[in-house]
There are 2 protein chains.
Amino acid sequence: MSTENTNVKTSVTRTAISPTRAENFPEWYQEVVKAADMAENSPVRGCMVIKPYGYAVWENIQKALDAGIKNEDVQNAYFPLLIPLSFISREAEHVEGFAKECAVVTHHRLEKGPEGTLVPAKDAELDEPLIIRPTSETIIGDSMSKWVKSYRDLPLKLNQWCNVMRWEMRTRLFLRSAEFLWQEGHNAFENAEQADKDARRMLEVYNDLYANHMAIPGFMGEKTADERFPGADRSYTIELMMQDGKALQACTSHNLGQNFAHSCNIKFQGRDGVEHFCHTTSWGLSTRSIGGLIMTHADDDGLVMPPRLAPYQVVILPITKGEDTSAVMNFADKLAAQLKAIGVRVQIDRSDARAPDKMWAAIKRGVPIRVEIGDREVAEGKLTHTRRDLGRESKTTCSADEFIGTVQGILDAIHTTMYDRAYTKTRARIYNATTLDQLKSFFTEGDLGFVRAPVDLLDNADYQIFKKDNALSSRCLPFEDDGRMVLVGKSY
Amino acid sequence: MSTENTNVKTSVTRTAISPTRAENFPEWYQEVVKAADMAENSPVRGCMVIKPYGYAVWENIQKALDAGIKNEDVQNAYFPLLIPLSFISREAEHVEGFAKECAVVTHHRLEKGPEGTLVPAKDAELDEPLIIRPTSETIIGDSMSKWVKSYRDLPLKLNQWCNVMRWEMRTRLFLRSAEFLWQEGHNAFENAEQADKDARRMLEVYNDLYANHMAIPGFMGEKTADERFPGADRSYTIELMMQDGKALQACTSHNLGQNFAHSCNIKFQGRDGVEHFCHTTSWGLSTRSIGGLIMTHADDDGLVMPPRLAPYQVVILPITKGEDTSAVMNFADKLAAQLKAIGVRVQIDRSDARAPDKMWAAIKRGVPIRVEIGDREVAEGKLTHTRRDLGRESKTTCSADEFIGTVQGILDAIHTTMYDRAYTKTRARIYNATTLDQLKSFFTEGDLGFVRAPVDLLDNADYQIFKKDNALSSRCLPFEDDGRMVLVGKSY
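What counts and what doesn't
Once a new chain begins, its residue numbering starts again from 1 and follows that chain's sequence as written. Labels follow written order: the first chain is A, the first ligand is 1, and so on. Where local features are concerned, this predicted model is filtered to residues with pLDDT of at least 70; where side-chain atom pairs are given and counted, the filter is 80 or more; whole-chain, interface and lining totals use all residues. Hydrogen atoms and water are omitted, and side-chain values are computed over all heavy atoms in the structure. Burial status follows relative accessibility: with a 1.4 Å probe on protein chains alone, a residue under 20% of its type maximum counts as buried, one over 50% as exposed, and anything between as partly exposed. The secondary structure listing takes helices from DSSP runs of H or I that are at least 4 residues long and strands from runs of E that are at least 2 residues long, numbered from the N terminus. Here a strand pair is declared whenever DSSP counts at least two bridges between the two strands. To obtain an axis, a line is fitted to C-alpha atoms, over the contacting stretch when the element is a helix, and the angle between two such axes runs from 0 to 180 degrees between their N-to-C directions. Left-handed describes a crossing in which the near helix is turned anticlockwise from the far one by less than a right angle; the clockwise case is right-handed. Contacts: residue pairs with any heavy atoms within 4.5 Å of one another. The nonpolar class holds Ala, Val, Leu, Ile, Met, Phe, Trp, Tyr, Cys and Pro. Asp, Glu, Lys and Arg form the charged class, and all remaining residues, Gly among them, are polar. Each domain's extent was defined by an automatic or database domain assignment. When the copies are superposed, the least-squares fit draws on C-alpha atoms of residues that have pLDDT of at least 70 in both. Here, the arc refers to the directions that run from the helix axis to the C-beta atoms. In protein, a polar contact requires one atom able to donate a hydrogen and another able to accept it; more generally it is a pair of N or O atoms within 3.5 Å, and residues adjacent in sequence count only if both atoms are side-chain atoms.

Asks: What am I meant to see in the pairing of strand 10 (residues 179-189) of chain B here?
Replies: Moving residue by residue along a regular strand, the side chains alternate between the two faces of the sheet. Residues and elements named next belong to chain B. Here strand 10 lies mainly inside the structure; 11 of its 11 residues are buried. The two faces of strand 10 match: Glu179, Leu181, Gln183, Gly185, Asn187 and Phe189 on one face and Phe180, Trp182, Glu184, His186 and Ala188 on the other face are all buried. Bridge count for strand 9 (residues 156-165) against strand 10 is 10 bridges, and the pairing is antiparallel. By the bridge assignment, valine 164 is partnered in strand 10 with phenylalanine 180. Bridge analysis of strand 10 against strand 16 (residues 279-286) gives 8 bridges, and the strand direction is antiparallel. Note that in strand 16 the partner of glutamine 183 across the bridge is leucine 285.

Written out as structure tokens, the structure is:
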């Protein structure tokens, strides 16, 4: 990957990212993604290329979440990419929700056309078109219908890590793209209670990922009827508030009741000897979570990586002058080896960039701790380290041994600081409204954030009109309010 | 997953799998896959469902290989599923090899048709059809052309774990399916020597996986010109011999020369200040490897899992009689916890199946070590363990502590035994031929295996005719013969 030698002129430009969050949040976001080398648009409309630094974050998310999923006795498996039209048509609401904007495979061969270019071969048209999975309830439901015979086969808990595709007109890196990566879990149970408990349980697993790995505080709650997954009885969600006050749906977990069991014919012989339909759930988390991570933590100098997911937790910046760099490089190599030995992910910037450029590259990528080593440090047996989350001036000088002894604690402190900061920022922008007028005046005054209002607001026709006119949505009924309140916000 | 209570009648049927390898190898293979619950055909033509037990093997392959890949300083990334027709058309040979039989996306929306069913929407036809990637040289090459500017950006080493699709008429689980999972690596270098060295190096990484994780001895070598990857200058391969004497291509690594660099415009400014085209490689290993694992190691009682990839290395079979099962279950739980603590993957069969059924389920799944615990074992503080690779009668009785102390050694011994057995079997079926007549008589006598013949055979027109008429192929020029010999066999 090319490391650009961007000279950040601190005298002219005060921040590494331009525009700043305050100036233009959407453009700031694109610039942060670019400056951190996370992803870029591809030549295929609506599809993105996830670059190595961005993909490394996804791998760390996968690792943490996969462990949490397996801890719930869910088994990973893999189901076909392509879904027959007849399958997707089975569940009426599901069709409305998903089957419309999707990639349709109609041919299985190409041939040379009249102008010498390749065209779909006429004699290779499929009898039944196939669609690229927008989600896999129907194709996994088909397998479940074969695998489940008796209550002894239940619960059946399956998950797959895969790509899905939903044709999108307006796309944004990570946040909304035609193709994205995700995991989708599909569980089947004997009764309604087990299914609802499971849908809520899987939301807890997601919340653990967000809170304890991504340092992101979210609002767990239930979706309102108009925001439910097509075909679900109940949808649970974690809603995040971004730094511009807008809402991002972080993941969802659905209690599908017996809807898909009916349409996919998932039946079992119960303990009573009688045949019953299963109660199923589905739950998913995608690469969109990386967009949430960026818009929660990044600042006007670029990304700020939560330490537990950071591809590199520590970057060592050798500051070499003159010809003989061996003393500094040896010091750096030794330190890196010692950090690796205690489980710290570390990188040495071996580029021949100038010292300030190395520093800015690390800042823009949001590496949690930067360690500078120059001739003076080597001579004194010391190093200087800087926390990304505390800004540019948070330098500490100590011995290498002292750093190695405290680095895990520093990483934990960064995690906690980042979580607490996001929590405080988010909570400060929750506005309690008891009337529709209060809600209206909040959103018409132009600030953004979430309004928390009594849940009977949902029955108010005026609210529904105001919501639509102002591109607002009911985000969720937060668990913390026991379903008595609704959070309203503007969404991504 | 339903655990079938198959009563294996040992008095009537001698083997758990019917037919046996000798009776009908292809059917035996399908039955082994089914009995071990590894995968099944899906309702989507040519696509398979990889069931949890099969997917767990793939996860273990991924884990081992991904570590090997990262150890070569390759970075994982993700590129679009869909490739524009114009991209795939860029490399002439590549088109011939891949672009013909593939899934073509022509529409991006469905609508209700005249008969009320869903049909591709006429007004949503794509200007340029897209194909589902059969391999990603062209789309990754496009990114490389943007990312590489200078020799400082090289080598650029990228890998992605993904699904690909090649429309196949005749499919077999794992061995040949329209959709399959794989990793594809794509590296770019300054010069020809580096690229060729890399293509060979990545083959070594694959060989480490096969030999040291899958217990499979393969023949590393170079493909003959007619078997090369479309668009490659040189293709390297590992060829395996299955128990029926047929050949399976285990993976490939290609030196693409400057062919794709030319067609994708991957250029860099060299150390000489002049612009040059890169030299690239690509290398891939797929879920087909699981087919190779099965056909190398399985026997007439089912799968035999190499211990280092086995989803469960030890299965504990509680043999309970009467009402009070707590003593046996406590013993099993304690043992499982102790095994987990030393890093052994262990499962307790908690089903209420009869003791022989539990045993046969474990045999058919090929679990390396079975541990039986009954009332007598608990009373004596002992257990009985059996190695899957040594057949049904290899029972050993010892204390739980002794087992825990020796289990890693037993697993290593199983690995070595399996590798050595496969090596001996394979090498016994290599027939040296110095003339075409010798080769002909070997294959017309009906036995299968590889013929090793002098490489000048390839220039013999009669060989080419005989090869075609008898569905044989030149498998590779093995490295061990320094390119002087060619291996000929019948392939999967």
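Asks: Help me out: how do you make sense of the packing of helix 2 (residues 52-70) of chain B against helix 6 (residues 192-212) of chain B in this one?
Replies: Two packed helices can be described by the angle between their axes and the distance between those axes. Residues and elements named next belong to chain B. Between helix 2 and helix 6, the least distance of the axes is 10 Å, while the angle of their chain directions is 145 degrees. Seen from above, helix 2 lies across helix 6 with right-handed handedness. Residue-level inspection shows Ile61, Ala64, Leu65, Gly68 and Ile69 of helix 2 in contact with helix 6, the latter providing Met202, Val205, Tyr206 and Leu209. When its residues are assigned to classes, the contact of helix 2 with helix 6 shows 8 nonpolar, 1 polar and no charged.

Asks: Looking at this structure, how should I read the domain arrangement of chain A?
Replies: You'll often see interface size given as the accessible area lost when the parts meet. When cut into domains, chain A gives domain 1 (48-83 + 134-296), domain 2 (314-426) and domain 3 (430-490). Spacing between the C-alpha centres of domain 2 of chain A and domain 3 of chain A amounts to 45 Å.

Asks: Sorry, what's going on with the relation of the copies chain A and chain B here?
Replies: The transformation that overlays chain A on chain B combines an axial shift of 0.0 Å with a rotation of 180 degrees, and the residual RMSD is 0.0 Å. Viewed as a symmetry operation, the transformation between the two copies matches a two-fold axis. If distances are taken from each C-alpha of chain A to the rotation axis, the shortest is found for valine 105 of chain A, at 2.1 Å. Interface residue correspondence from chain A to chain B reaches 99%, placing this contact among same-surface, isologous pairings.

Asks: In this structure, what is going on with helix 1 (residues 25-35) of chain B? I would like to understand it.
Replies: Since the α-helix packs 3.6 residues into each turn, any two residues three or four apart lie on the same face. Residue and element names in this part refer to chain B. Here helix 1 has its buried residues at Phe25, Trp28, Tyr29, Val32 and Val33. Buried residues of helix 1, viewed axially, fall in a sector of 135 degrees; they line one side. Along its buried surface, helix 1 packs onto strand 1 (39-41) and helix 8 (288-297). Looking at where helix 1 begins, the residue whose side-chain oxygen comes 3.2 Å from the main-chain nitrogen of glutamate 27 is asparagine 24.

Asks: It is not clear to me how the sheet that holds strand 19 (residues 369-374) of chain B should be interpreted in this structure. Could you clarify?
Replies: All names here are of chain B. Strand order in the open sheet made by the 5 strands is 18-17-19-20-21, with mixed pairing throughout. A single partner strand is all that each edge strand has here, and the edge strands are strand 18 (346-348) and strand 21 (395-399). Across this sheet, the average inter-strand angle for adjacent strands is 25 degrees, counted without regard to direction. Pairing geometry for strand 20 (residues 382-387) and strand 21, over 5 bridges, is antiparallel. If you follow leucine 383 over to strand 21, its bridge partner there is cysteine 398. Where helix 10 (residues 355-365) meets the sheet, it contacts strand 17 (314-319) and strand 19, and its direction lies at approximately 170 degrees from that of strand 17. Relative to the sheet, helix 12 (residues 400-427) contacts strand 17, strand 19, strand 20 and strand 21, its axis offset from that of strand 20 by approximately 5 degrees.

Asks: What is the right way to look at the sheet that holds strand 3 (residues 75-76) of chain B in this model?
Replies: Strand-to-strand pairing in sheets goes through backbone hydrogen bonds, with the strands running parallel or antiparallel. Residues and elements named next belong to chain B. Spatially, 11 strands are ordered 3-9-10-16-13-12-11-24-25-23-22 in an open sheet, and the strand pairing comes out mixed. The open sheet has two free edges, formed respectively by strand 3 and strand 22 (430-432), since each of these has just one partner strand. Examined bridge by bridge, strand 11 (residues 219-222) and strand 12 (residues 234-241) share 4 bridges and lie antiparallel to one another. Note on strand 12: the bridge partner recorded for phenylalanine 219 is glutamate 239.

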